[in-house]
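Residues per chain, in single letters:
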Amino acid sequence: MGLKCGIVGLPNVGKSTLFNCVSSGKAQAANFPFCTIEPNLGSTQVPDPRLEQLASLVHPGRIVPATVDFVDIAGLVKGASKGEGLGNQFLSNIRETDAILHVLRCFDNPNVAHVDGSVDPVRDMEIIDTELQLKDLETVENRLAKVQKQAVTGGDKQAARLAGLLSRYRDVLIQGKNARSVQLFNQEEEHMARELFLLTNKPVLYVCNVDEKSALTGNHYTNRVTGILEKENEQYLIVAARIESEIAELESFEERQIFLESMGLEESGVSRLIKAAFKLLDLETYFTAGPMEVKAWTYLKGTKAPQAAGLIHSDFEHGFIRAEVIKFKDYMHYGSEAACREAGKMAVEGKNYVVQDGDIMHFLFSR
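So, a few notes on the structure that sits alongside this text. What you see is a predicted model, and the numbers here were worked out from it, not measured in a lab. (Residues numbered from 1 in each chain as written. Predicted model: local features only at pLDDT ≥ 70, side-chain atom pairs only at ≥ 80, totals over all residues. Heavy atoms only, no water.)

**Regarding the side chain of threonine 44**
Thinking step 1. Residue placement: threonine 44 occurs in strand β2 (residues 40-45).
Thinking step 2. The exposure class assigned to threonine 44 is buried, which follows from its relative accessible area of 18%.
Thinking step 3. Those residues within four positions of threonine 44 in sequence are excluded, and the remaining contacts are Val22, Ser23, Ala66, Thr67, Val68, Phe70 and Ile274. (Helix = DSSP H or I, 4+ residues; strand = E, 2+ residues; numbered from the N terminus. Buried < 20%, exposed > 50% of the residue type's maximum accessible area, 1.4 Å probe, protein only. Contact = heavy atoms within 4.5 Å.)

Right, here's the structure in full:
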């Protein structure tokens, strides 16, 4: 399954710089608002050392990592929900993403103008959250008027249940809260919620963009923001996007590691960001390993074996018979599939097996 993250924020907070760090795309980063107009698209490989470790034993023809797609979306301003700036365009682009990376400016730089004249990440966060909430409230109220009529005049029970959910969304949005704060009680409500495509229902990772000297410990700006986010149980990350862009341009892994160590960092902000995005969406990875390729497959935590097989090909899911599963640690210890089989470390699992992160899997199916 693919993962698509939308990078959002006010103009000139470092969105395009961050996008250039984490993706194969190249976006213009400049000191003026709305430098990004059309959304920039790019992708990056998910860093996973287990791929290389498996490949060192299997010696495949190729290694295929999982990937994450990123969308750098035009800067949002106050009033975007009513069409200010590039608001309507921004809001249509963000609906297509699985998760939101909300970039907050947490650095001082007199050479980089702020659209509101001063650096205040808490204010900036509230502006964007409010605009998204207002757009969702508009969506909810428009839909609610229609389904209430269907429920009353047509006696439509499904419409009545949807109206109940929409009313709960309206109540929290009016209070200035995000749609994701609404508790869903069953699978039917979860399905209805997905079909609404509400902006504030999407999981959010707040990215505090800092200067180089604050990359390790943060600063007074990040302290203010993270204090609020922790109380609200929201996920965040501190990243120095400009420095990360310099690291990304280094050719060798060794050069990048030396740069990181000089800053006191164990891994790049890009790597941490991708891992955080996976955690945000409850995503995990299983592997297929053979002489042709070693490949990483991304799945939703809790996925059962037939559905995991379906990620490779729909025929694998429809004709699923069983899965042969080797744990990553066992594969590395015994050194091959044959050795694992001989040692009794290959399990045969059926349709109810819940795939675990790091499983090496081989599927048997009938056509």
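**Quick notes on the packing of helix α5 (residues 157-174) against helix α6 (residues 187-196)**
Thinking step 1. Relative to each other, α5 and α6 sit at 70 degrees, their axes nearing to 11 Å. Judged by the angle between their axes, α5 and α6 are roughly perpendicular. Every pair of crossing elements has a handedness; the one defined by α5 and α6 is right-handed. Here α5 contributes Gln158, Arg161, Leu162, Leu165, Leu166, Arg168 and Tyr169 to the contact with α6, which in turn contributes Glu188, Glu189, Met192, Ala193 and Leu196.
Thinking step 2. In terms of residue class, the contact of α5 with α6 is made up of seven nonpolar, one polar and four charged. (Axes fitted to C-alpha atoms, helices over the stretch in contact; angles between N-to-C directions. Parallel < 35°, antiparallel > 145°, perpendicular 65-115°, else oblique. Left-handed = near helix turned anticlockwise from the far one by under 90°. Nonpolar A, V, L, I, M, F, W, Y, C, P; charged D, E, K, R; others polar.)

**What about the side chain of serine 214?**
Thinking step 1. Along the chain, serine 214 falls in the loop between β6 (204-209) and α7 (220-231).
Thinking step 2. Excluding anything up to four places from it in sequence, serine 214 contacts Asn219 and Ile238.

**Considerations on the packing of helix α1 (residues 15-22) against helix α8 (residues 241-248)**
Thinking step 1. Two elements in contact, α1 and α8, have axes whose closest approach is 8 Å; the angle formed by their N-to-C orientations is 30 degrees. With respect to their mutual orientation, α1 and α8 come out roughly parallel. Crossing of α1 against α8: the hand is left-handed. In this structure, α1 uses Thr17, Leu18 and Cys21 to contact α8, whose residues at the interface are Ala241, Arg242, Glu244, Ser245 and Ala248.
Thinking step 2. A breakdown of the residues in the contact of α1 with α8 according to their chemical character gives four nonpolar, two polar and two charged.

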